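# Examination of the molecular architecture
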Amino acid sequence: MLGDLSPLVLVHLGAASIAIVLGAMIFLLPKGTLRHRVMGSGYIAAMFVTVVSVVPVRATVMPFFGTRFGFFHVFVLFGFGALLFGVAKLWRWRKTRDVEALRAHQVHLAYSYAGLLMAGFSQLATNPRWQLVELTSPGQFWGIFAAVNAAIYGVAVWLIQSRLAKGDPRRWYPQPA
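From a predicted model like this one, the values you see are computed outputs, not experimental measurements.

## Quick notes on the nonpolar core
By size, the foremost hydrophobic cluster in this structure holds 12 residues: A16, A19, L22, I26, M39, Y43, A46, M47, L83, L109, Y113 and L116. Of all elements in the fold, only α1 (7–28), α2 (34–54) and α4 (99–126) reach the threshold of two or more residues within this core. When near neighbours in sequence (up to four residues on either side) are disregarded, L22 contacts M39, G42 and Y43. Ranked by size, the runner-up nonpolar core spans six residues in total, among them V107, A110, A114 and A156.

## Concerning the confidence of the model for the protein chain
Summarising the model, the protein chain shows a mean pLDDT of 90, and 99% of its residues fall at 70 or more. In the model of the protein chain, helix α5 (residues 138–164) stands out as the element of lowest mean pLDDT, 90, in contrast to α2, which has the highest, 96.

## Some remarks on the packing of aromatic side chains
Inspection of the entire model under this criterion finds 10 aromatic pairs. Between F27 and Y113, the aromatic rings sit 5.4 Å apart at their centres with planes inclined by 55°, giving tilted as the arrangement. Placement of F27 in helix α1 and of Y113 in helix α4 is noted, with a sequence separation of 86 residues between them. With relative accessibility at 37%, the residue F27 sits in the partly exposed group. A relative accessible area of 11% means that Y113 is categorised as buried. Between F141 and W142 the ring centres are 4.9 Å apart and the planes differ by 80°, which places this aromatic pair in the edge-to-face class.

## Structural notes on the packing of α2 against α4
Interhelical geometry of α2 versus α4 gives an angle of 50° and a closest axis separation of 12 Å. Overall, the two elements α2 and α4 adopt an arrangement that is oblique. In this structure, α2 crosses over α4, and the sense of that crossing is left-handed. The segment α2 lies against α4, with Y43, I44 and M47 engaging L109, S112, Y113 and L116.

## Here's the deal with the pattern of salt bridges
If you walk through the whole model with that rule in mind, you get three salt bridges. When the shortest N-O distance is used, the salt bridge between R92 and D98 registers 3.1 Å. With relative accessibility at 24%, the residue D98 sits in the partly exposed group. Note that R170 is salt-bridged to D168, the shortest N-O span being 3.0 Å. Of the residues examined, D168 reaches a relative accessible area of 35% and is grouped as partly exposed.

## Description of the environment of R58
If you trace the backbone, R58 turns up in the loop between α2 and α3 (71–96). Sequence separation of R58 and V9 is 49 residues, and the distance between their C-alpha atoms is 10.0 Å. Those residues in contact with R58 that lie beyond four places of it in its chain are T67 and R68.

Rules of the game
Residues numbered from 1 in each chain as written. Predicted model: local features only at pLDDT ≥ 70, side-chain atom pairs only at ≥ 80, totals over all residues. Heavy atoms only, no water. Core = buried A, V, L, I, M, F, W, Y, C linked by side-chain atoms within 4.5 Å. Buried < 20%, exposed > 50% of the residue type's maximum accessible area, 1.4 Å probe, protein only. Helix = DSSP H or I, 4+ residues; strand = E, 2+ residues; numbered from the N terminus. Contact = heavy atoms within 4.5 Å. pLDDT = per-residue confidence, 0-100. Phe/Tyr/Trp six-rings, centres within 6.5 Å; stacked < 30°, edge-to-face > 60°. Axes fitted to C-alpha atoms, helices over the stretch in contact; angles between N-to-C directions. Parallel < 35°, antiparallel > 145°, perpendicular 65-115°, else oblique. Left-handed = near helix turned anticlockwise from the far one by under 90°. Salt bridge = Lys/Arg side-chain N within 4 Å of Asp/Glu carboxyl O.

Structure below.
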């Protein structure tokens, strides 16, 4: 099933899969530990490869004006932006110990992860290879597509606003015994 994919698409798929797993582990484990930093570095690297590797890939869904770029390429900019802002805020945190920089790091990378999940679902849903579009009418398909993405985004916003955007961002660090 994946044998006819280009090497670039396979790199993209592999990096995105690694980022999904690492991102989930990062959210579940204590922050600020060596394990968090190693997994976080892996997540950043995997996301960078994910974003960069998809730019030259020709759009299979909703291409723009006969170009190789499509609807999903727009989201590359948002994903890359969230990633860069999250890393920049981490560097600021390390330099200044400003808790707002740490909070911004956590929030931006949480949105980065939500975007990754939304992009993954969207690609699976719309890629002709999986034939999900053919199972429903266009109206039903796009309704389900919008509802699932809205649900992912809604859960992400709720978690980010209720857990990360309030209180001391250092509370996620391991507490001394």
